[in-house]
Amino acid sequence: MNRLKDSTSPYLLQHADNPVDWWPWREEAFAEAARRDVPVMLSVGYAACHWCHVMAHESFEDPATAAVLNEHVVAVKVDREERPDVDSVYMTATQAMTGQGGWPMTVFMTPEKEPFFCGTYYPRDYFRQLVLNISQAWHDQRDDVTGRAKQVASALAENAAATAAALRGSHGELGPLFRQAADVAVQGLSRDYDAAHGGFGGAPKFPPSMVLEFLLRHHERTGEAVLASPPGGPIPPDSPRGGTTPPSPPEGSVALQLAEGTCEAMARGGMYDQLGGGFARYSVDAGWVVPHFEKMLYDNALLARVYAHLWRRTGSALARRVAEQTCDWMLRELRTAEGGIAASLDADSEGEEGKFYVWRPAELRAVLGPEDAEFAAEAFHVTEAGTFEHGASVLQLRSEPEDASRLGRVRAALLAARSGRVRPGRDDKVVAAWNGLAISALAECGLLFARPDLTAAARDSAGLLARVHLAGGRLVRTSRDGAAGTTAGTLDDYACVAEGFLTLSGVTGEARWLALAGELLEAALGSFGDGQGGFYDTAADDEALIFRPADPADNATPSGAFAVAGALLGYSALTGSARHREAAGSALGVLPGIAARYPRAAGMGLAVAEAWLAGPAEIAVVGGPDDERTRALHQTALHAAPPGAVLALGDGTGSDIPLLEGRGPVDGAPAAYVCRQFTCQAPVTTPAQLRDVLARPA
């Protein structure tokens, strides 16, 4: 009997018709394994995972293989995006036992949830024999198997505790520690930088989203500011940064060079969808040519914000285009009927990876005619030999053609033609943490680019989270079709949603989002803290696993510990709460150890540390909501904001946002107040004055 049909996870529902007698992760499954005296086979994947689909088609849809599974094990299927705690624990086991990891993840364990054999993808014949061998060992060598499982579980728990203690260490004053950690990280990233292709390390290359945000903030704090023209036009001549052309980066601005080089390489290669916008999960090669085609919300939310921040510092037209197109892609492809943002798009369509996205010269000619097809082939690097498989090419835009209008016309024609192809599947569950990241990106881009539609989308997503995911100060991780799932939120859910609410409050002036962020952070402090200033990834009253996960390092998404540090710091800046600032500093206690050993896993923590070192700046804008001068000050505040600055917007008639208390217009004119730790400079009333104040060192 397959028990997945009532799941809210699209990934589990993909397996609901398998001949395998799947169980979801729940206690009854392990009780059934104990009753039958068989091991548990855990299979972990996600909807957009190409190799998960391959293993499903080869093995889980095959009646003969399913019969072997049903006879010899209790089979449990988990969506890693729905249960990141289960995924984290058993991925740690898989990496410890095999030296590598990935998805699909395949783990054999005792009914007590203790693992004794781990792996990833297995071809059908090998997998079928493996199950038989596991079953034989279970019956013939039980003491050896269970003894090994207990040793593994014990070692994992001990290692988790020891690692946390080693990273935390003992620290003195935070400012000097954070400066040293940032400097050491830039040196390490410089050594890892691929000067030929951009990015860090070799193939495969993943978008280093949090590292890029850190590098931009580090440059802002330590280097000469390089400001883009504001959305309303060029920087006025009376500005200290006046003129229409941004100055070149100062010599030796290493952090900015690393960020710019990586951002341009990613945006011009095949990992970025040159027709529809949005980034794929990663590049399989060092040159960013061929992607793994799945598209994840978290990548695109993080990168939209990075490219917007790059634009505001350099004026790069490419950066602005990518930021806006990525936001547009999120809304066009992932927005749900309830206002949330769906999790991902598959890599495959019609059973082939990348089929929706790739082109051949003949296909260009059929859509465009011979002359425009030749132009498109040259612009997008489409060749007869192909850059992908079977003569197909992934579109790249390594440089801008001279005829921009022709490029736009060709791009529109190809996008329209592509819309007639069979589309990749969509995982339409709403993940709280990832929607929090999207809210931050959409809200900021809405203000920076004068796009009220993006701000409205951020508000809609936040409304869904507040209405469906949040109850009594506690978060549910996922929802689907407006119905909440059953999985409790993890630390990154609380942190990223709180950060999104704080950003939305600053963009809209709506105080309710600040209040809700405060509720979430109280829950994080009360339920996730480890008693020593650090955080676990799961709440104290969540289901107990073989150890309580607490991974402070970034992965594809920001670590919960670093993300909650950022939200705590932002909340303290808006409210004046010393308690929240102290908690933020404590959460960053593990940063120096991670930044020194593996800076690519410390990007979010380093970005928060840069905000700490910059204050962060607190910018209060007060004025009539319909006054164009208020809008100009508000937009300038975000445009010229120092690293990690917080915004508050009010009309001067009173507000529930503490940063706005006692602050009103000046001689009837809208005004901006720039403060640090609630100590403010004199208010200013023009964008030029505001830019001047924000450019001063902390």
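Residues numbered from 1 in each chain as written. Predicted model: local features only at pLDDT ≥ 70, side-chain atom pairs only at ≥ 80, totals over all residues. Heavy atoms only, no water.

Q: Residues and numbers for helix 19 (residues 511–528), please.
A: Between its first and last C-alpha atoms helix 19 spans 26 Å; for 18 residues at 1.5 Å apiece the expected length is 26 Å, and the two agree. Here helix 19 has its buried residues at Trp 513, Leu 514, Leu 516, Ala 517, Gly 518, Leu 520, Leu 521, Ala 523, Ala 524, Ser 527 and Phe 528. (Helix = DSSP H or I, 4+ residues; strand = E, 2+ residues; numbered from the N terminus. Expected span 1.5 Å × (residues − 1). Buried < 20%, exposed > 50% of the residue type's maximum accessible area, 1.4 Å probe, protein only.)

Q: Could you give an account of the pattern of salt bridges, with specific residues and numbers?
A: Taken as a whole and assessed by the stated rule, the structure comprises 50 salt bridges. A salt bridge links Glu 444 to Arg 305; its shortest N-O distance comes to 3.0 Å. Here Arg 305 lies in helix 11 (residues 297–314) and Glu 444 lies in helix 16 (residues 432–448), a separation of 139 residues in the sequence. We note that Glu 444, like Arg 305, is buried. Arg 305 sits in the buried class, given a relative accessible area of 17%. Salt bridges sharing common partners tie together Glu 27, Arg 83, Asp 85, Lys 113 and Glu 543. (Salt bridge = Lys/Arg side-chain N within 4 Å of Asp/Glu carboxyl O.)

Q: Residue-level account of the sheet that holds strand 2 (residues 40–45), with values.
A: The strand order 1-3-2-4-5 describes an open sheet built from five strands, whose pairing is mixed. A strand with exactly one partner marks an edge of an open sheet, and here the two such strands are strand 1 (23–24) and strand 5 (115–119). Both strand 2 and strand 3 (residues 74–79) contribute to a ladder of six bridges, which runs parallel. Of the residues in strand 3, the one forming a bridge with Val 40 is Val 74. Docked against the sheet, helix 6 (residues 124–140) engages strand 2, strand 4 (105–109) and strand 5, running at close to 15° with respect to strand 4. (Pairing = 2+ DSSP bridges. Contact = heavy atoms within 4.5 Å. Axes fitted to C-alpha atoms, helices over the stretch in contact; angles between N-to-C directions.)

Q: Please set out helix 16 residue by residue, giving values where relevant.
A: Think of an α-helix as 3.6 residues a turn; residues three or four steps apart then line up on the same face. When the terminal C-alpha atoms of helix 16 are compared, their 24 Å separation across 17 residues agrees well with the 24 Å that a helix rising 1.5 Å per residue should span. Burial analysis of helix 16 places 17 of its 17 residues in the buried class, the great majority of the element. Once helix 16 finishes, Ala 450 follows within two positions and takes phi at roughly 55°, a positive value.

Q: I'd love a proper account of unusual backbone geometry, names of residues and values included.
A: In this structure, the amide linkage connecting Trp 103 to the following residue, Pro 104, adopts the cis form with an omega of 5°. For Pro 104, the location among the structural elements is in the loop between helix 5 (84–98) and strand 4. Omega for the bond connecting Ala 203 with Pro 204 falls within 30 degrees of zero, at -10°, which places this linkage in the cis form. A positive phi angle, close to 60°, is found at Asp 37, a residue other than glycine. Tracing the backbone shows Asp 37 in the loop between helix 2 (27–36) and strand 2.

Q: Help me get a handle on the state of the cysteines, residues and values and all.
A: Summed over all chains, the structure comprises two disulfides. Note that Cys 49 is cross-linked by a disulfide to Cys 52, the S-S spacing being 2.4 Å. Every disulfide takes its handedness from the sign of the S-S torsion; for Cys 49 and Cys 52 that torsion is 80°, giving right-handed. Taking relative accessible area as the criterion, Cys 52 reaches 2% and is therefore assigned buried. The partner cysteine of Cys 675 in its disulfide is Cys 680, sulfur to sulfur 1.9 Å. Every disulfide takes its handedness from the sign of the S-S torsion; for Cys 675 and Cys 680 that torsion is 90°, giving right-handed. With no disulfide of its own, Cys 118 lies 16 Å from the sulfur of Cys 52, the closest cysteine sulfur. With a relative accessible area of 6%, Cys 118 lands in the buried category. (Disulfide = S-S within 2.5 Å.)

Q: Would you mind going over the sheet that holds strand 12 (residues 426–427) in detail, with residue names and values included?
A: Within the open sheet, the three strands sit side by side as 8-9-12. Their pairing is antiparallel. Of all the strands in the sheet, just strand 8 (295–296) and strand 12 have a single pairing partner and so form its edges. Here strand 8 pairs with strand 9 (residues 344–345) via two bridges, running antiparallel. Counted as the bridge partner of Lys 295 is Leu 345 from strand 9.

Q: Before we move on, can you summarise the side chain of Asp 87 with the specific residues and values?
A: One can find Asp 87 in helix 5. Its relative accessible area of 6% is what places Asp 87 among the buried residues. Among the polar contacts listed, one links the side chain of Asp 87 to the side chain of Arg 80, at a separation of 3.3 Å. Not counting residues within four places of it along the chain, the set of residues in contact with Asp 87 comprises Val 44, Arg 80, Trp 103 and Met 105. (Polar contact = N/O pair within 3.5 Å; in protein donor to acceptor, adjacent residues only side chain to side chain.)

Q: Requested: an account of the environment of Leu 302, with residues and values cited.
A: The topology assignment puts Leu 302 in helix 11. As a C-alpha pair, Leu 302 and Ser 209 span 93 residues in sequence and 6.0 Å in three-dimensional space. What Leu 302 contacts, discounting residues up to four positions off in sequence, is Ser 209, Met 210, Leu 437, Ala 556 and Pro 558.

Q: A description of the packing of aromatic side chains should follow, citing residues and the corresponding values.
A: Applying the stated criterion to the full structure yields 22 aromatic pairs. Taking 5.9 Å as the distance between ring centres and 10° as the angle between the ring planes, the aromatic pair formed by Phe 293 and Tyr 357 counts as stacked. One end of the pair, Phe 293, is in the loop between strand 7 (291–292) and strand 8; the other, Tyr 357, is in the loop between strand 11 (352–353) and helix 13 (361–368), and 64 residues separate them in sequence. The class for Tyr 357 is buried, based on a relative accessible area of 10%. What links up through ring pairs into an aromatic cluster is the set Trp 22, Phe 60, Tyr 122, Tyr 126 and Phe 127. Sitting over the face of the ring of Trp 103, Arg 80 holds its NZ or CZ atom 3.8 Å from the ring centroid. (Phe/Tyr/Trp six-rings, centres within 6.5 Å; stacked < 30°, edge-to-face > 60°. Lys NZ or Arg CZ within 6 Å of the ring centre and 35° of its normal.)

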